[in-house]
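Tertiary structure, described
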Amino acid sequence: MTYFRRVRLSLQILFLASVGIAGVAHSQVELPAGPGRQVLEQMCTGCHGLNVITGQRMNAHQWSSEVRDMISRGAVGSDQDVKDLVAYLAAHFGPIQGAEANRIATTEASHGSNPTPSGPAAEENAWPDTSSGVTPQRLLHADAEPQNWLTFAGTYSSQHYSLLRQITPENAHDLELKWVFQARLLDPYETTPLVLDGVLYTMQGDDVVALDATTGRLFWIYRYTPEADARLCCGCISRGLAILGNTLYMAAVDAHLIAIDAKTGTPLWNRKVADTVAGYTMTIAPLVVHDKVVVGVAGGEYGIRGFIAAYDARYGKLAWRFYTTAGPGDPGRDSWGGDSWMQGAGSVWLTGSYDPESNLLFWGIGNAGPDYNGDVRPGDNLYTCSMVALDADTGKLEWHYQANPHNEFDWDAVQTPVLAVVNWKNQPRKVILWADRNGFYYVLDRNTGKFLLGKAFVKQNWNDGFDANGRPIMSPTAKSSTTGTLIYPDNQGGTNWFSPSFDPETGLFYVNARENYSSVFFKDDQKYEQGSRYDGRGSHPFPRVPVVVGEDEEEYTAVRALDPDTGALRWQFKLNTGNSLHTFEGWQTAFGAAGILTTAGNVLFTGGREGYFVALNARDGSLLWKTDLGGPMIMDPITYAVNGKQYVAINAGNCLFVFGLR
């Protein structure tokens, strides 16, 4: 059994030639000359995207921490190689000094040659109008206009289901490519587009792009340059946008929330949400509820204290903030030993759901930090690895369910909470359906958070059952160790960031499941230092080997259709066939899959790392159509309609592909 993946050699490095800053730009030029250049080309990891290495500005100590993390993941180099590499990175990608630092710090964004408005006077006339365009009422009833795709998951319930029915099992074989948009980025393309009245909004890194949804014709691009000291765990990526009125909202990787005119691409205001130097970033698609824009922060690998925050949609003023690690005065403070809550992580990097009837937001919270060594954070570590319900007006916690108390396996519980009404014990019940990274499918009461069901949907060896309150009973051996502990599923989980779907017509819950994957978990002592990696991960002695799709028939990714009431498997369709796309190798592409879209036409759309985009019969999983897009799909497909014609869009590799019927 293969437990680890080899770090791919990378010869493509991003570098901003004009000022010597790499990563935040997309230009490809030569690296600076120096004794460490060859070492960088040999050891550079593809695990978290090219920008992780050259897209940051850090001092020598912080670069040493970054290289140490690379070594823990399998990068190979001698002691002298490591010294040369750290010296090279510190010399060419160290903190920016003097006038150049000041210039970059004050450059927040660009839109063509137009400067970004800054300061109260400049923004006074730039406040967006939220009374027209996409009103709060339209968002509440987004399912009534299936020709559009108005939120990250289509609607507030996050079912990733569309009422469009033009494409059916009978005609799906007539799908053909209509147009392609090639994004200007080399990092994984994880953006889910929005569509409004024939205009498609997507992103390339932190650039926002408006396209004609029928032809792909470009309307405008809003170009944004993140702060140079942004810490990038996983590359310069964004999962999408939100819209209210005629304004788009973007959560940038340097932890800024930006409002953009949807008609022209002109920036309206820019608010700093958190400090990049401390490791905060944002990759989330914001969620608009009423007059607020809700976002969450990432950066758990750097010892942040996670939070969810809501901002006034018109003025960009902070409305409320909920910290995901319970501190002084918070319920759950006693679940953290000492002051470990201060660097307790709890990242929030995927978008949650909203129930208008209860006015509750439901959000999955990431793992505790440091990820792999819980010795420094005794206790359950609330509210990490939890589903939380928050009052949308105040951010007050109404209830929580913790899937993994004191987690040491890097299992972020940020996976999408799907809101549905099911026939629970012969009675209609409002529930949350939740496929967690830890390999378990959960059913929770939506109003109270009561645990109703927990059932493994992939192989696992960490859980021996649940107590009466739904608390997991840990296997005695399920603990990270200095000698290594074999755990199923692996640290990428039984599923991950790719969205599941619930189809009210078939009554099935669909998830892309990763079967028979495992990791050997090592822990190590590590001191916290602001801006440096802080994950407590020990080095492993196993060499990495190439990832070859289909090489190990026991390890595979598959669409699994589950009975929502019992978690029982109804059918599955394996995705691991076709190309072994080594040119895209990295942890997102090697271990990922597309999200799942279902439609009222009884067609399910998804794809995988091997390059095939498929249409399945949502009732029985039979293959209706497939096409090879030549790149891995690692985010969610959507569907929309213009002039009565249905389209389906999916990202693959670094391109957006749009299909329709002949």
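Residues numbered from 1 in each chain as written. Predicted model: local features only at pLDDT ≥ 70, side-chain atom pairs only at ≥ 80, totals over all residues. Heavy atoms only, no water.

**Things to note about the overall build of the protein**
Basically, it comes down to this: Put simply, DSSP marks the helices as runs of H or I at least four residues long and the strands as runs of E at least two long, and each gets a number from the N terminus on. Burial classes: relative accessible area under 20% of the type maximum marks a residue as buried, over 50% as exposed, and values in between as partly exposed (1.4 Å probe, protein chains only). Contact between two residues is taken to exist if any of their heavy atoms lie within 4.5 Å; hydrogens are not considered. In this description, accessible areas are obtained by the Shrake-Rupley approach with a 1.4 Å probe, and a residue is regarded as covered only by the protein chains that are shown.
The helix and strand inventory of the protein stands at 8 helices and 39 strands. Per-residue burial for the protein yields a buried fraction of 66% across its 662 residues. Here the contacts in the protein between residues at least 6 apart in sequence split such that 65% fall between residues at least 24 apart. Of the roughly 22300 Å² of accessible surface on the protein, a fraction of 50% belongs to carbon and sulfur atoms.

**Remarks on the sheet that holds strand 10 (residues 247–251)**
Strand pairs in the sheet, formed through backbone hydrogen bonds, run parallel or antiparallel to each other. Put simply, the rule reads: Two strands are counted as paired when DSSP detects at least two bridges linking them. Simply put, an axis is a line fit to the C-alpha atoms, just over the touching stretch for a helix, and the angle between two N-to-C directions goes from 0 to 180 degrees.
The 4 strands are arranged 9-10-11-12 in an open sheet whose pairing can be described as antiparallel. With partners counted over all chains shown, the strands left at the sheet margins are strand 9 (241–244) and strand 12 (267–272), one partner each. Pairwise comparison of adjacent strand axes, ignoring direction, gives a mean angle of 20 degrees for this sheet. Here 5 bridges tie strand 10 to strand 11 (residues 256–261), and the two strands are oriented antiparallel to one another. Within the sheet, the bridge partner assigned to Thr247 lies in strand 11 and is Asp261.

**Looking at the environment of Ser501**
Threshold: Any pair of N or O atoms that falls within 3.5 Å is considered a polar contact. Within protein, one atom must be able to donate a hydrogen and the other to accept it, and sequence-neighbouring residues count only if both atoms are side-chain atoms.
By the element assignment, Ser501 lies in strand 28 (residues 501–503). For Ser501, a relative accessible area of 0% corresponds to the buried category. In this structure, the C-alpha to C-alpha distance between Ser501 and His160, residues 341 residues apart in sequence, is 5.0 Å. With sequence-adjacent residues up to four places away left out, Ser501 is seen in contact with Gln159, His160, Tyr161, Leu508, Phe509, Tyr510, Ile596, Leu597 and Thr598. In terms of polar contacts, Ser501 uses its side chain to reach the backbone carbonyl oxygen of Gln159, at 3.0 Å. A distance of 2.7 Å separates a polar atom in the side chain of Ser501 from a polar atom in the side chain of Thr598.

**So, the pairing of strand 31 (residues 556–562)**
In terms of burial, strand 31 is a largely internal element, 7 of the 7 residues being buried. On strand 31, burial covers both faces: Tyr556, Ala558, Arg560 and Leu562 on one face and Thr557, Val559 and Ala561 on the other are all buried. Judged from the 7 bridges that link them, strand 29 (residues 508–515) and strand 31 form a sheet pairing that is antiparallel. Counterpart to Asn512 in the pairing with strand 31 is Val559. Examined bridge by bridge, strand 31 and strand 32 (residues 569–574) share 5 bridges and lie antiparallel to one another. What sits directly across from Ala558, in strand 32, is Lys574. Counting the residues that bridge the hairpin from strand 31 to strand 32 gives 6 residues, and of these Gly567 lies at a positive phi of roughly 80 degrees.

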